[in-house]
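Architecture and fold: a report
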Amino acid sequence: MHVDALELFWIKMPMVGRFTTSFGTTQERDILLVKASAGGAVGWGESGADGLPLYSYETARTGWHIIEDFIAPVVLEQEWPEEGIATAYAKRFEDWRWHPMARCSFEEALWVVEAQLRDTSVQDLYAHGRTTRERIPVGISLGIQNDFEVLAEQISAGLEQGYQRIKLKVEPGRDVSVVEPVRERFGDIPLMVDANCGYRDDPNALESLKALDGFNLLMIEQPLAHDDVDGHAPLQAALETPICLDESIHSPQHAAHAIDIEACRIINIKASRIGGRAAAIAIHDLCAARDIPVWCGGMLESGVGRLHNIAMASLPNFQMPGDLSASKRYWKADIIDPPVEIDAEGQVTVPNTVGLGHEVMEERIKENLVRYEKFSL
Ligand code: OSB
Ligand code: MG
């Protein structure tokens, strides 16, 4: 089988509100979408990269470059198996260095193509015989706010909507001073913090993070630098609260090393950061075998990436609520129909119809278009 065409859509999506982390503020999200056509089927994938290299060095533009100049020519020219095209793609590009988000976006599109050709759901392919959940618990991630009352209002609304855990973004100087009043006001809600590497240059990191130990947090996500897995080990040894790694984990080898040296007790899985769904699921399996719980992280994805995340998060070792918020929490108008919704119990139902499960609205994509190109032989 040949891949007949590959289309790239670079869009800019307006967000409902601002989202601030220790690395910056997002108000409008650059998103790179990939559409693959093969064997009469069409699939969509999304790169998790944003417009600026803040969370990752990749951007929508670097993804465009890698796919246009390197991935597309190989993919279009090659003969692919009818069964297992997505796995074959993952293997073909396994040895390519980095650019995980670019590689992942195209792999996702091929998982959907393959699901359609086999008349099954993406969830079914990701599960590959493992038992899956039909509904998965969802948590909410709340950006840094200058005004505590604004944050408190968002927490109330999140709890009211059923979200099963609250994640607060923190940074040096805005950690205990945020967590303490949240505990005072909201009691023993399931609560965690995410530092997005914010304590990497902070000489008082240990002291500041130890001060969080008394607040019964589910975990502290990625306090130190993305390239400092080892630095998290002594920190974890000094803390009672589990450390969860996000930015540091790019491969099953990284995950194994982090577990070996006890740099963390939990891992956040984002397929985009890891270079594909196959590699992400390999980390899921490795963590399951070693009793390390994982949960599905988010990158402010449009509905396309969100649906892939939801399908993957139905696997059994995704033991904790994921950052899989409803579409309306981030987007004025998502690009899928219907949008992702959360039920009153804070769960999202995993689509199990053929393909990705919801319709991708190309019209809406075109309304937000920055750049488009179609590649074919
Ligand atoms: O660190 O988990 C993160 C958003 C953008 C980049 C990194 C992160 C996040 C979030 C939001 O926390 C997760 C989401 O709901 O998509
Ligand atoms: Mg994170």
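As shown above, the structure is provided for reference.
Here's a quick rundown of the structure. Residue numbering note: each chain is counted from 1, following its sequence as written. Chains carry letters from A onward and ligands carry numbers from 1 onward, assigned in written order. The predicted origin of the model limits local features to residues at a pLDDT of at least 70 and limits the giving and counting of side-chain atom pairs to 80 or more, whereas totals for whole chains, interfaces and linings rest on all residues. Computation of side-chain values: all heavy atoms of the structure, hydrogens and water removed.

1. Things to note about the sheet that holds strand β1 (residues 3–21)
Two strands pair if DSSP finds at least two bridges between them. Each helix corresponds to a stretch of at least 4 residues labelled H or I by DSSP, and each strand to a stretch of at least 2 residues labelled E; elements are numbered beginning at the N terminus. An order of β3-β2-β1-β15 is seen for the four strands of this open sheet, with the pairing classed as antiparallel. Only two strands of the sheet have a single partner each, and these edge strands are β3 (41–47) and β15 (369–376). Direction aside, neighbouring strands of the sheet carry axes that sit 20° apart on average. Alignment of strand β2 (residues 24–38) against β3, held across seven bridges, turns out to be antiparallel. Counted as the bridge partner of Ala38 is Ala41 from β3. Only heavy atoms enter the contact rule, under which two residues are in contact if any of them lie within 4.5 Å. The angle between two axes is taken between their N-to-C directions and runs from 0 to 180 degrees, where each axis is a line fitted to C-alpha atoms and a helix contributes only its stretch in contact. Its contacts with the sheet place helix α1 (residues 60–77) against β1, β2 and β15, and it is angled at close to 160° to β1. The sheet contacts of helix α3 (residues 100–117) involve β1, β2 and β3, and relative to β3 the element is tilted by about 155°.

2. With respect to empty space enclosed by the protein
With a 1 Å grid laid over protein atoms only, a set of points is called a cavity when a 1.4 Å probe fits there but cannot get out and a pocket when it is open yet has protein on both sides within 12 Å along at least five of seven lines; lining residues have an atom within 4 Å of a point. Grid points are joined across faces, edges and corners, and a volume is the space filled by probe spheres set on the points. Considering all chains together, one arrives at three cavities of 30 Å³ or more under this definition. Of the pockets and cavities examined, the largest cavity occupies roughly 60 Å³. What lines the largest cavity is simply Glu46, Gly48, Glu108, Lys270, Ala271, Ser272, Arg277, Gly297, Glu301, Gly305 and Asn309. At the level of secondary structure, the elements contributing two or more residues to the lining of the largest cavity comprise α10 (271–274) and α12 (303–312). Each residue belonging to the lining of the largest cavity can be placed in one class, and the counts come to one nonpolar, five polar and five charged. Of the pockets and cavities examined, the second largest cavity occupies roughly 40 Å³. Each residue is assigned to one of three groups, with Ala, Val, Leu, Ile, Met, Phe, Trp, Tyr, Cys and Pro labelled nonpolar, Asp, Glu, Lys and Arg labelled charged, and all others, Gly among them, labelled polar.

3. With respect to the coordination of the magnesium ion (ligand 2)
Looking at the metal site, the magnesium ion (ligand 2) is ligated by Asp194 (OD), Glu221 (OE) and Asp246 (OD), spaced 2.1 to 2.3 Å from it. Nitrogen, oxygen and sulfur within 2.8 Å of a metal are treated as its donors, or within 3.2 Å for sodium, potassium and calcium (Na, K, Ca); water is not counted, so a site can appear incomplete. Sequence spacing of the donors to the magnesium ion (ligand 2): D-x26-E-x24-D. Of the two residues, Asp194 sits in strand β6 (residues 191–194) while Glu221 sits in strand β7 (residues 220–221), which places them 27 residues apart along the sequence. Only protein chains enter the calculation, and the probe is 1.4 Å; a residue is then buried if its accessible area is under 20% of its type maximum, exposed if over 50%, and partly exposed in between. Residue class for Asp194 comes out buried when judged on its relative accessible area of 0%. Among the residues examined, Glu221 registers a relative accessible area of 0% and is labelled buried.

4. Some details on the packing of aromatic side chains
Here is the rule: rings of Phe, Tyr and Trp (six-membered ring for Trp) pair when centre to centre is within 6.5 Å. Planes less than 30 degrees apart are stacked, more than 60 are edge-to-face, and the remainder are tilted. According to the stated counting rule, one finds nine aromatic pairs in the structure shown. Measuring from ring centre to ring centre gives 5.1 Å for Phe9 and Trp44, while their planes differ by 40°; the resulting arrangement is tilted. One end of the pair, Phe9, is in strand β1; the other, Trp44, is in strand β3, with 35 residues separating them in the sequence. In this pair, the class of Phe9 matches that of Trp44, namely buried. Ring geometry for Phe19 versus Tyr330: centroids 6.0 Å apart, planes at 85°, classification edge-to-face. Residue Phe19 is located in strand β1, and its partner Tyr330 is located in helix α13 (residues 327–330); the two are separated by 311 residues in the primary sequence. Criterion for a charge above a ring: Lys NZ or Arg CZ within 6 Å of the ring centre, and within 35 degrees of the ring normal. Over the ring of Phe93 we find Arg92, and its NZ or CZ is 5.4 Å from the ring centre. A cation over a ring is seen here: Arg165 above Trp295, with NZ or CZ 5.0 Å from the ring centre.

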